[in-house]
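Report on the structure
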Amino acid sequence: MKIWLKRKLLTMNFNQLGQIKDGFVNLAKDQIGLLDGEIKAIAETRYRHCLSCTMRDNNSCSTNRSNEHIETGEVTFGCGCHLNAAVLSPTKKCPLGKW
């Protein structure tokens, strides 16, 4: 296993693992046409925010980029999530507070 992946897994809490699982399960459901319409609509709105985000690097929220949280003003780094899955996780929050 790659070192960066081991570090990432060690620092995750169970809530984050659940969000990742939910996102990828919903991504699979979307691919086969079984995704709930409400979740899909929310994900599409979220993804529109991601498209113009400075933390976006291809299809991930880069852990190497930072910006200010829109509500708290705190500087925060990207979460490292795969955006197509992250936007489909109902409990996932944008690190910048955009959704």
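As shown above, the structure is provided for reference.
Residues numbered from 1 in each chain as written. Predicted model: local features only at pLDDT ≥ 70, side-chain atom pairs only at ≥ 80, totals over all residues. Heavy atoms only, no water.

Here we look at the overall build of the protein chain
Threshold: Here a helix means four or more residues in a row that DSSP labels H or I, a strand means two or more in a row labelled E, and each is numbered from the N terminus. Think of it in three bands: with a 1.4 Å probe and only protein chains considered, a residue is buried below 20% of the maximum accessible area for its type, exposed above 50%, and partly exposed in between. Working rule for contacts: check all heavy atoms of both residues, and any pair within 4.5 Å makes them a contact. Computed with a 1.4 Å probe, the accessible areas rest on the Shrake-Rupley method; for each residue, only the protein chains presented here act as cover.
Within the protein chain, the secondary structure is distributed over four helices and four strands. Tracing the protein chain from N to C terminus, the helices and strands come up as α-α-α-β-β-β-β-α. Going through the 99 residues of the protein chain one by one, you find that 30% of them count as buried. A sequence separation of at least 24 residues applies to 47% of the contacts in the protein chain between residues at least 6 apart. When the accessible surface of the protein chain is summed, it comes to about 6700 Å², and 56% of that surface belongs to carbon and sulfur atoms.

Looking at the nonpolar core
One broad rule of soluble globular proteins: the nonpolar side chains tend to lie buried together. The condition is simple: By nonpolar core is meant a set of buried Ala, Val, Leu, Ile, Met, Phe, Trp, Tyr and Cys residues that side-chain atoms within 4.5 Å join together.
Residues Cys50, Met55, Cys61, Val87, Leu88, Leu96 and Trp99 are the most contacted members of the largest nonpolar core, which totals 17 residues. Elements represented by at least two residues in this core include exactly α3 (37-51) and α4 (83-86). Among the elements that line this core, the one with the most residues is α4, at three residues. Setting aside residues up to four positions removed in sequence, Leu96 forms contacts with Cys53, Met55, Asn67, Glu68, His69, Ile70 and Thr76.

By themselves, these observations are geometric and do not establish any function.
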